[in-house]
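# Inside the fold
Chain by chain, the residues:
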Amino acid sequence: MSIKKIGVLTGGGDCPGLNPTIRAIVRKADRENISVVGIKNGWKGLIEKDSIDLDLGSVSGILPKGGTILGTSRTNPYKQPGDVEKVKKNMKELGLDAFIAIGGDDTLGVSEKLYKEGLKMIGVPKTIDNDLSCTDFTFGFDTAVNIATEAIDRLHTTAESHHRIMVVEIMGRHAGWIATYAGIAGGADMILIPEVPIDLDEVCKITKERHARGKDFSIVVVAEGAKLKSQEFVLKDSKKDAFGHVMLGGIGNFVGQELEKRTGFETRVTILGHIQRGGTPSAFDRVLATRFGVKAVELVVQGDFGKMVALRGNEIVGVPIADAVGKLKTVDMDLYNLAKIFFG
Ligand code: F6P
């Protein structure tokens, strides 16, 4: 059956690169004589049948814009009884022959379930966290790393002037990719990530040794999901979202207080938060998002459903969504060990 109309949605946390992907999908679909319907606010829009037609005019000028023109939500249609049926009914009523979901592990996990139920699904991976399996990078990550690196550069000058320890808490959920990349790029004196339990004695030793050799300031990067041995995650809130995720945040303050107490060095804490997700995408993310969007439509045209587009080396390929979801991609320990050469 030839595909005449497709739906597209963006789900989960937003990230820079979503709009370039939507633009690429609409532009490539237009070349293939396929019309595109944008679903508002992730899976919520399909439950509520909230949609807009996307033509060339709708995506004009959105390439450099952060966020998503479609809106997003962390709605899980498999949570409330009856919602999946509404999703399927609305896809049919909207006349969608196939569907492209742009999202992280949660959104693509829903796509995989719908694919198993017989729907023609394609996935596009996005997240600043870069924690999705089967793709070397997700878009959004490079922009977040650049923002965090610039923040570390700025913290360096004030840390040096005041002879302080600066702790900077960085997003990334249960993977320390942004912290590791930004820490290497910004010359952090210590990088603490979820993959390696924090050893506070070691952090204190390293900062004291730096001071002893005349470097009386330190930059300590802490990923929000980092935790001490035998300790629970530090949480902003005990509430869980529709996919069962806790709200991380606060480990930076904990580490900062402990460092000041144990070393006697004045310490300040900066929590970068959602700044890392906002604003214009980097050139790398715009190109990756564009390539992903075009490839997603190519897979639709080829009828190669149940696939997620992915970056492998410098190639964009299709991989089974099932292989990508449910397995966290954690930081490569060779990279972390390289970062450790520069600690202290
Ligand atoms: O997954 C992206 C991310 O920004 C994580 O790094 C962070 O833990 C989470 O989303 C924050 O979620 P929210 O936007 O719901 O506060």
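All values reported here derive from a predicted model rather than from experimental measurement. (Residues numbered from 1 in each chain as written. Predicted model: local features only at pLDDT ≥ 70, side-chain atom pairs only at ≥ 80, totals over all residues. Heavy atoms only, no water.)

## Some words on the packing of helix 1 (residues 18-31) against helix 9 (residues 283-302)
Close contact between helix 1 and helix 9 brings their axes to 7 Å; oriented N to C, the two are set at 40°. In terms of axis orientation, helix 1 runs oblique to helix 9. As for the relative orientation of helix 1 and helix 9, their crossing is right-handed in sense. Seen from helix 1, the contacting residues are Pro20, Thr21, Ala24, Ile25, Lys28 and Ala29; seen from helix 9, they are Arg286, Ala289, Thr290, Gly293, Val294, Val297 and Glu298. Tallied by class, residues from the contact of helix 1 with helix 9 come to 7 nonpolar, 3 polar and 3 charged. (Axes fitted to C-alpha atoms, helices over the stretch in contact; angles between N-to-C directions. Helix = DSSP H or I, 4+ residues; strand = E, 2+ residues; numbered from the N terminus. Parallel < 35°, antiparallel > 145°, perpendicular 65-115°, else oblique. Left-handed = near helix turned anticlockwise from the far one by under 90°. Contact = heavy atoms within 4.5 Å. Nonpolar A, V, L, I, M, F, W, Y, C, P; charged D, E, K, R; others polar.)

## Points about the layout of surface pockets
Leftover empty space is mapped by rolling, across the atoms, a probe with the size of a water molecule. Approximately 670 Å³ is the volume found for the largest pocket. If you go around the largest pocket, you meet 32 residues; those closest to its centre are Arg74, Asp129, Arg173, His245 and Arg277. Taken together, the elements giving at least two residues each to the lining of the largest pocket come down to helix 4 (105-116), strand 9 (235-240) and strand 10 (246-248). A breakdown of the residues in the lining of the largest pocket according to their chemical character gives 8 nonpolar, 9 polar and 15 charged. (1 Å grid on protein atoms, 1.4 Å probe; cavity = no way out; pocket = protein on both sides within 12 Å on 5 of 7 lines; lining within 4 Å. Points joined across faces, edges and corners; volume = space filled by probe spheres on them.)

## Brief notes about the packing of helix 5 (residues 141-162) against helix 6 (residues 177-186)
Running from N to C, helix 5 and helix 6 cross one another at 45°; their axes reach a closest spacing of 8 Å. With respect to helix 6, the element helix 5 is oriented oblique. Both helix 5 and helix 6 take part in a crossing whose hand is right-handed. Across the interface between the two elements, Phe141, Ala144, Val145, Ala148, Thr149, Ile152, Asp153 and His156 from helix 5 touch Trp177, Ile178, Tyr181, Ala182, Gly183, Ala185 and Gly186 from helix 6.

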